[in-house]
Amino acid sequence: MNKVKKGKLFIISAPSGAGKSSLINEILKRGKGSGSLIELSVSATTRLPRPNDEEGKDYFFISDDKFKDLSSEAAFLESATVHGNSYGTLKNYVDSKLDAGVNLILDIDVQGFEQISKKNIQNTSIFIIPPSIDELKSRLVNRNEDSHDVIEARLKNAITELAGANNYDFKVLNDNFDEAADELYNLIVNRQTQNHEAKHILQILEDLLSN
């Protein structure tokens, strides 16, 4: 009986508007088409389900008391409270997926990554960077989802998040979507690491942080 090859854990972070969600969805689509075992991790949350939410697919919906109990048992790899609701990545869930040979993507923010970094958890971390602050603002405006004040707050927060980009194993520039998707897919599926520390990417990051 052949032993299943253990999957790998990938942490992907980015400031709001950098295109992280679109890139991850593209990777999942490509993985499904190629037969590669790639999945997006499902978090536990105390927020109430929305009409189209599916238990176990979008989130694991649990009570505040249950979340507190799990936190006290150190059951989360990382957790956070956002707008009064708690979110967390369950260690048992992640372990079960990796043991089943699934390459698992964690879509988390810099704070979540920092929590995991303090623990002895093997992972490959990837930070998605935008080509410029102006482009980031343009993307946020074009989404037509947020008010001017919210967009300004997101841009301010983006600088804080970008400051932590150098702590990640790899940085992928999302200037051209298809090229960024190719790089990300090669990192996750083919384990190719070429050109990820190119000087122009490091310069762009430096320019972003100078804003």
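Everything that follows concerns the structure shown earlier in this document.
The structure reproduced in this document is the subject of the present report.

1. Comments concerning the packing of aromatic side chains
Under the defined criterion, the tally for this structure stands at 6 aromatic pairs. Aromatic pair Phe113 and Tyr168: ring centres 3.9 Å apart, planes at 25 degrees, arrangement stacked. Of this pair, Phe113 sits in helix α4 (residues 110-117) while Tyr168 sits in the loop between α6 (148-162) and β9 (170-173), and the two are 55 residues apart along the sequence. Each member of the pair Phe113 and Tyr168 is classed as buried. Measuring from ring centre to ring centre gives 5.2 Å for Phe127 and Tyr168, while their planes differ by 70 degrees; the resulting arrangement is edge-to-face. In this pair, Phe127 is assigned in strand β8 (residues 124-129) and Tyr168 in the loop between α6 and β9, connecting sequence segments 41 residues apart. By the ring-pair criterion, three or more aromatic residues cluster together here, those being Tyr59, Phe61 and Tyr87. The ring of Tyr185 carries the charged tip of Arg30 above its face, separated from the ring centre by 5.9 Å.

2. Focus: the pattern of salt bridges
This structure, assessed with the given rule, holds 11 salt bridges. The partner of Asp107 in a salt bridge is Lys20, with the nearest N and O atoms 2.6 Å apart. Pair noted here: Asp107 is in strand β7 (residues 103-107) and Lys20 is in helix α1 (residues 20-34), with a separation of 87 residues, a long-range link. What makes Asp107 partly exposed here is its relative accessible area of 32%.

3. Thoughts on the sheet that holds strand β5 (residues 76-82)
Remark on secondary structure: sheet strands pair via backbone hydrogen bonds, oriented parallel or antiparallel. One open sheet accounts for 4 strands, arranged β4-β3-β6-β5; its pairing is mixed. With partners counted over all chains shown, the strands left at the sheet margins are β4 (59-61) and β5, one partner each. Pairs of neighbouring strands in the sheet enclose a mean axial angle of 25 degrees, with direction left out of account. Two strands pair when backbone bridges link them, and strand β3 (residues 43-45) and β4 are joined in this way by 3 bridges, in the parallel orientation. The residue of β4 that forms the bridge with Thr45 is Phe61. The sheet strands contacting helix α3 (residues 91-99) are β4, β5 and β6 (85-90), and the helix crosses β6 at an angle near 35 degrees.

About the thresholds
Residue indices begin from 1 for each chain and proceed along its sequence in written order. In keeping with the predicted nature of the model, local features appear solely for residues at pLDDT of at least 70, side-chain atom pairs appear and are counted solely at 80 or more, and the whole-chain, interface and lining totals rest on all residues. Side-chain calculation: all heavy atoms of the structure are included, whereas hydrogens and water are not. Geometry of aromatic contacts follows a simple scheme: Phe, Tyr and Trp rings, the Trp one being its six-membered ring, pair when their centres are within 6.5 Å, and the pair is stacked under 30 degrees between planes, edge-to-face over 60, tilted otherwise. Helical segments are the DSSP runs of H or I of at least four residues, strand segments are the runs of E of at least two, and each set is numbered from the N terminus. Three labels apply to residues, based on accessible area from a 1.4 Å probe with only protein chains included: buried if under 20% of the type maximum, exposed if over 50%, partly exposed otherwise in between. Here, over-ring charges are defined by two tests on the NZ atom of lysine or the CZ atom of arginine: distance to the ring centre within 6 Å, and angle to the ring normal within 35 degrees. The salt bridge definition used is simple: a Lys or Arg side-chain nitrogen within 4 Å of an Asp or Glu carboxyl oxygen. Any two strands with at least two DSSP-identified bridges between them are counted as paired. Axis lines are fitted to C-alpha atoms, over the contacting stretch for helices. Their N-to-C directions set the angle, which ranges from 0 to 180 degrees. Residues count as neighbours in contact if any of their non-hydrogen atoms are within 4.5 Å of one another.

Geometric descriptors of this kind do not, in isolation, establish any biological role.
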